[in-house]
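# Observations on chain architecture
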Amino acid sequence: MSGWLQWLGRYALARIARLGRGSLFFLRLLGALSFLSNRPGLIVKQIHSVGFLSLPIILVSGLFVGMVLGLQGYINLVDFGAESSLGTLVALSLVRELGPVVAALLYAGRAGSALTAEIGLMKATEQLSCMEMMAVDPFRRVLAPRFLAGFIAMPLLAGIFTAVGILGGYFVAVEQLGVDSGTFWSQMQASVQLEDDVINGVVIKSIAFGVVANWIAVFEGYDTLPTSEGIGRATTRTVVNTSLAVLGLDFVLTALMFRGI
Amino acid sequence: MATTKTLELTVGVFVALGLAAFFMLAMKVSDITSLADEKGYRVTASFENIGGLKVRAPVTMAGVRVGRVIGIDIDRQNYEAVVILSINPKYDQLPVDSSASILTAGLLGEQYVGLEPGGADNYLKDGDRVKLTQSAMVLEKLIGRLVTSMTAGDKAK
């Protein structure tokens, strides 16, 4: 019995210690960001790897998510003669929820895991320690550019995902199923609000997810056990923790933003 | 590894795509013209019952959207609902004796305010009040009235 309690206590303490390390890490990361104004080239390179190289998966998934929404929405709405609301359905689901959330989940799998593995390997091969020996701060040189690049890329990716999804829905609804093109857009425009839906939904949510996803990815890489197995586990933890954090945070943000609507 | 030039080029393409996506979301998907309503002139109208009218519902005249509902309140004196309408300044020639009624789009659709023009030569200005109003049709009351008239008919037989 006491052995079990001791195990529970040790587990809880380890979790809390990790949370504390993560928070301190985040503060140090923010402190290192100001250095980047002198070295914009570092960020450009990272935006290329986390943003531009994530474009194919974001474009293709966005297209198919929008097409499925258009198809399913049509099948269910046509029974009520309400297929004219298809534009509203596709746009609101993408703008408010699916765009930022699915883009963040894909980002965690495509870019977050790569960030963790890269930083973890740097730690395992003692590159980070070498930098410290040479009086180069790895926070400034390695971690902060990756974090900031991801922070910039996430809202852009979410916006692209949403826009492509709406075009996919348009393609299925108007080109394939024969919904009137004018109705599709005008119903959408009548019900999607710029500040309530686009700013609250895509912009604020994806900024929040960008912070969380990149913080977790960079921290897991930095905090990894310096072994091959440790890097593998850290990569898995990045994807799992980011997905859980994004979905949980999405509920909180939705509850705060769309309470009155 | 890509050279700096191609690197910067790809990042430029990526950022431009992202901005274009947001531009599309703002212009094409959401109704950016709704921002113009905020600058419109304000007119109030009192109704006995506004049914399910909500803030941001459209205000139309002859089916054309001319503004938006920007506020709903209760008059403390006579307990009527006061609806504040913001009318696009483009439509500044609405006669003062225009009437406002709360209508429903379709059978169960969202409710909106419909304006009927009157014949006066003066036009509504900022802060004016629409005097002729017609309340929303409340489905329960309609059914209630129908049931009463039917039972009254039965008794007459």
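Before reading on, note that the structure itself is shown above.
Residues numbered from 1 in each chain as written. Chains lettered and ligands numbered in written order. Predicted model: local features only at pLDDT ≥ 70, side-chain atom pairs only at ≥ 80, totals over all residues. Heavy atoms only, no water.

Secondary structure summary: chain A contains nine helices and zero strands in total. Each helix and strand of chain A, placed in order from N terminus to C terminus, yields the pattern α-α-α-α-α-α-α-α-α. With the C-alpha coordinates of chain A rotated into their principal frame, the extents come out at 65 × 55 × 35 Å. In chain A, buried positions account for 47% of the 261 residues. Across chain A, the fraction of contacts at a sequence separation of at least 24, relative to all contacts at a separation of at least 6, is 83%. A total accessible area of about 12,200 Å² is found for chain A, and carbon and sulfur atoms account for 68% of it. Side chains of chain A carry 17 positive and 16 negative charges; the gap between the two charge centres is 16 Å. (Helix = DSSP H or I, 4+ residues; strand = E, 2+ residues; numbered from the N terminus. Buried < 20%, exposed > 50% of the residue type's maximum accessible area, 1.4 Å probe, protein only. Contact = heavy atoms within 4.5 Å. Areas by Shrake-Rupley, 256 points an atom, 1.4 Å probe, with all protein chains shown as cover. Lys, Arg positive; Asp, Glu negative; His and termini not counted. Charge placed at Lys NZ, Arg CZ, Asp CG, Glu CD.)

For the rest of this paragraph, the subject is the interface of chain A and chain B. Contact residues are listed per partner, giving 30 residues for chain A and 26 residues for chain B. Each partner contributes to the roughly 2,400 Å² buried at the junction of chain A and chain B, and carbon and sulfur atoms together form 80% of this total. The largest per-residue losses of area from chain A upon contact with chain B belong to Leu156, Gln189 and Leu194 of chain A, which jointly make up 23% of the total buried on that side. For the pair chain A and chain B, the interface holds zero salt bridges. Put simply, chain A and chain B have one residue pair in polar contact (both at pLDDT 80 or more) between them. Elements that contribute at least two residues to the side of chain A that touches chain B include exactly helix H2 (40-50), helix H4 (86-124), helix H6 (138-176), helix H7 (181-191) and helix H8 (194-222) of chain A. Broken down by class, the residue content of the side of chain A that touches chain B amounts to 21 nonpolar, six polar and three charged. (Buried area = accessible area lost by both parts, 1.4 Å probe. Salt bridge = Lys/Arg side-chain N within 4 Å of Asp/Glu carboxyl O. Polar contact = N/O pair within 3.5 Å; in protein donor to acceptor, adjacent residues only side chain to side chain. Nonpolar A, V, L, I, M, F, W, Y, C, P; charged D, E, K, R; others polar.)

Residue and element names in this part refer to chain B. Pairing within the open sheet is mixed, and its eight strands lie in the order E7-E1-E4-E3-E2-E6-E5-E8. Each of the sheet's edge strands pairs with one partner strand only, and the pair in question is strand E7 (128-130) and strand E8 (132-134). Direction aside, the axes of adjacent strands within the sheet are offset by 30° on average. Pairing analysis gives six bridges linking strand E5 (residues 99-104) to strand E6 (residues 111-116), with the strands arranged antiparallel. Its bridge partner being in E6, threonine 104 is matched across the sheet by glutamine 111. (Pairing = 2+ DSSP bridges. Axes fitted to C-alpha atoms, helices over the stretch in contact; angles between N-to-C directions.)

All right, on to the nonpolar core then. Residues Tyr107, Leu143, Ile166 and Met188 of chain A together with Phe14, Leu25 and Val29 of chain B are the most contacted members of the largest nonpolar core, which totals 76 residues. Tallying contributions element by element places H6 of chain A first for this core, with 20 residues. The contacts of leucine 143 of chain A, once residues within four sequence positions are left out, are Phe25, Leu29, Ile119, Pro138, Val218 and Tyr222 of chain A. (Core = buried A, V, L, I, M, F, W, Y, C linked by side-chain atoms within 4.5 Å.)

Bringing the packing of H7 of chain A against helix H1 (residues 4-29) of chain B into the picture now. One can describe the packing of H7 of chain A onto H1 of chain B by two numbers: an axis separation of 9 Å at closest approach and a directional angle of 95°. Of the possible angle classes, the one that applies to H7 of chain A and H1 of chain B is roughly perpendicular. Taken together, the residues of H1 of chain B that come into contact with H7 of chain A (itself represented by Trp185, Met188 and Gln189 of chain A) are Met24, Met27, Lys28 and Val29 of chain B. Residue composition of the contact of H7 of chain A with H1 of chain B, by class: five nonpolar, one polar and one charged. (Parallel < 35°, antiparallel > 145°, perpendicular 65-115°, else oblique.)

A positive phi angle is found at glutamate 126 of chain A, which is not glycine, with a value near 60°. Take glutamate 126 of chain A: it is sitting in the loop between H4 and helix H5 (127-133). Phi at alanine 62 of chain B is positive, roughly 55°, even though this residue is not glycine. Within the fold, alanine 62 of chain B resides in the loop between strand E2 (58-61) and strand E3 (64-74). The exposure class assigned to alanine 62 of chain B is exposed, which follows from its relative accessible area of 77%.

All names here are of chain B. With respect to burial, strand E1 (residues 41-47) is a largely interior element, five of its seven residues being buried. Examined bridge by bridge, E1 and strand E4 (residues 81-87) share seven bridges and lie antiparallel to one another. Bridge pairing links tyrosine 41 to isoleucine 87 in E4. With three bridges joining them, E1 and E7 adopt parallel strand pairing. In the sheet register, alanine 45 faces E7, and the bridge partner there is valine 130.

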